[in-house]
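Fold and geometry: a report
For reference, the chains in residue letters:
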Amino acid sequence: MKKNDIIRLNIVSMTSDGDGVGRTDENIVVFVPNTAVGDVLDARILKVKKNIAYGKIESLITPSEDRITPDCAVCEKCGGCVYRHISYSAELGIKRQKVIDAVTRIGHLDASLVQEIIPSENIDAYRNKAQIPVSFDREGNPVMGFYARHSHRIVQELDCRLSPAVFNEIAKEFYSFFEKYPELIYTENNRSGIRHLYLRYAESSADVMVCVVAGRDDFPHSDELFDSLKEKYSQIKSIVINTNPNDTNVILGAKNRTVYGGEYLTDILCGKRFAISPLSFYQVNRSSAERLYQKARDYAALSGDEVLLDLYCGAGTIGLSMADDCRELIGVEIIEDAVENARSNALENGIHNARFICSDASKAALMLREEGVSPDVVIVDPPRKGLTPELIDTIVGMSPDRVVYVSCDPATLSRDLALFTAQNYSVKEITPVDMFPRTSSVESAAMISRKEGASYD
């Protein structure tokens, strides 16, 4: 097989990233994006390695029963949606299978532990945050949209179906200014213009924050731009300039300057009020976050007298949603701004049984263990890389009755579950939750219990 060969394939499964998988007569696995299980197609080979190859659809011979007509003109180019060409029920099945595959192959656990996936209430317009890059195309025209998959090439799109309508309208307003004043756009030469449009939305109030990421906090025509936004969009309650002059892939810089309205929005999640600032972590799908947190609360099984330890607590959303059900809440987070947000959120909600520690999770857990703190329940919501073996050892050494593990990566979740089960803990149940419809991502909540009779010095 070589590049540009055209071969017939049956798509039999999906990768964790949402590509279809076919196999040639020579037992070479071929990955083809924008396909569905059951497709029969001719694929053009784009790249060949030893036992695998990558291709694209040359012609669709027999479409899968899961296929639907995509409702977005750029979904095959944009790096966001990978499942807009299949039914939502089929997407949910793929995501649950993704968790099952990781749990059985990596965690060496029984597939029956994985429950039915909790669907999203909305599959469109669910995102309360958008980060839209801005640049020029090869012809020197302004371009604004989303990065193509596995690249830094921006696909022009101002009508993203995952965003609320007001985001798209504001994006179009910005684009009209970029067409009128190209010098508004950041370049390596001017180092002052706009790099990203960063929007946040409080669903409970429909309030919007506009955060402009720029090379400097003063750039040409900013007054005209901001006055136009304030006049046209009454939902905008805050305009912030975030300064990022660095040559980096990190979107936000460290400095914010509020030029209109408040420094944060306030949203209601699980009956609690939370402040959302540009740097705050907040789940992008509010209704699915409530379903995820409710499942985590079910797994925590709090009766009112427990000490609850919330590691990687961020702005405190998960722990504070359970604070009324425990005796004491201890939150740990390494990002100082997030800890301050968590403390403010506790005061805002009249919660007085919570304390928050700014520290690395492993160091804080070890410190608490040395202090003799014995949590009854531990909640972990780590980044994609998961937990370290040392942190798992420390948690096990605290001997909590239950550990609730919230994860955005089934692979690292399964790896860590195997480490817990090697230390007299057992996995009781895992529930996938669809937080990001039409994308390949899936969240999960797992309940881990200490085996009866197991204790640790």
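All values reported here derive from a predicted model rather than from experimental measurement.

The subject of this paragraph is the packing of aromatic side chains. Under the counting rule described, the total for this entry stands at 6 aromatic pairs. Ring geometry for Phe219 versus Phe226: centroids 6.1 Å apart, planes at 85°, classification edge-to-face. The pair formed by Phe219 and Phe226 is uniform in burial state, with each residue classed as buried. The cationic tip of Arg195 hangs over the ring face of Tyr186; the distance from NZ or CZ to the ring centre is 4.4 Å.

Right, let's get into the pattern of salt bridges. In the structure shown here, the tally under the stated rule is 34 salt bridges. Among the ionic pairs, Arg161 bridges to Asp124, the shortest N-O distance being 3.5 Å. Here Arg161 is found in the loop between strand S9 (154-156) and helix H2 (165-180), whereas its partner Asp124 is found in the loop between helix H1 (88-105) and strand S7 (129-136), with 37 residues between them in sequence. Residue class for Arg161 comes out partly exposed when judged on its relative accessible area of 36%.

So, on to the side chain of Gln283. For Gln283, the position within the fold is in the loop between strand S15 (272-276) and helix H4 (286-300). On the basis of relative accessibility, which here comes to 6%, the residue Gln283 falls in the buried class.

What follows covers the pairing of strand S14 (residues 265-269). In regular strands, side chains alternate between the two faces of the sheet. Residues of S14 alternate between two faces, with Leu265, Asp267 and Leu269 buried on one and Thr266 and Ile268 left unburied on the opposite face. Pairing geometry for S14 and S15, over 5 bridges, is antiparallel. Looking at the pairing, Thr266 lines up with Ala275 of S15. If you look at the hairpin formed by S14 and S15, you'll find 2 residues sitting between the two strands, and Cys270 has a positive phi there, around 55°.

Right, let's talk about the pairing of strand S17 (residues 328-333) for a bit. The buried count for S17 comes to 5 of 6 residues, which makes it a mostly enclosed element. With 5 bridges joining them, strand S16 (residues 307-311) and S17 adopt parallel strand pairing. What sits directly across from Leu311, in S17, is Val332. The pairing of S17 with strand S18 (residues 354-358) spans 5 bridges and is parallel. Counterpart to Leu329 in the pairing with S18 is Ala354. Traced from S17 through helix H6 (residues 336-348) to S18, the parallel crossover comes out right-handed.

Cut-offs and rules
- Residues numbered from 1 in each chain as written.
- Predicted model: local features only at pLDDT ≥ 70, side-chain atom pairs only at ≥ 80, totals over all residues.
- Heavy atoms only, no water.
- Phe/Tyr/Trp six-rings, centres within 6.5 Å; stacked < 30°, edge-to-face > 60°.
- Buried < 20%, exposed > 50% of the residue type's maximum accessible area, 1.4 Å probe, protein only.
- Lys NZ or Arg CZ within 6 Å of the ring centre and 35° of its normal.
- Salt bridge = Lys/Arg side-chain N within 4 Å of Asp/Glu carboxyl O.
- Helix = DSSP H or I, 4+ residues; strand = E, 2+ residues; numbered from the N terminus.
- Pairing = 2+ DSSP bridges.
- Right-handed = clockwise from strand over helix to strand, strands pointing away.

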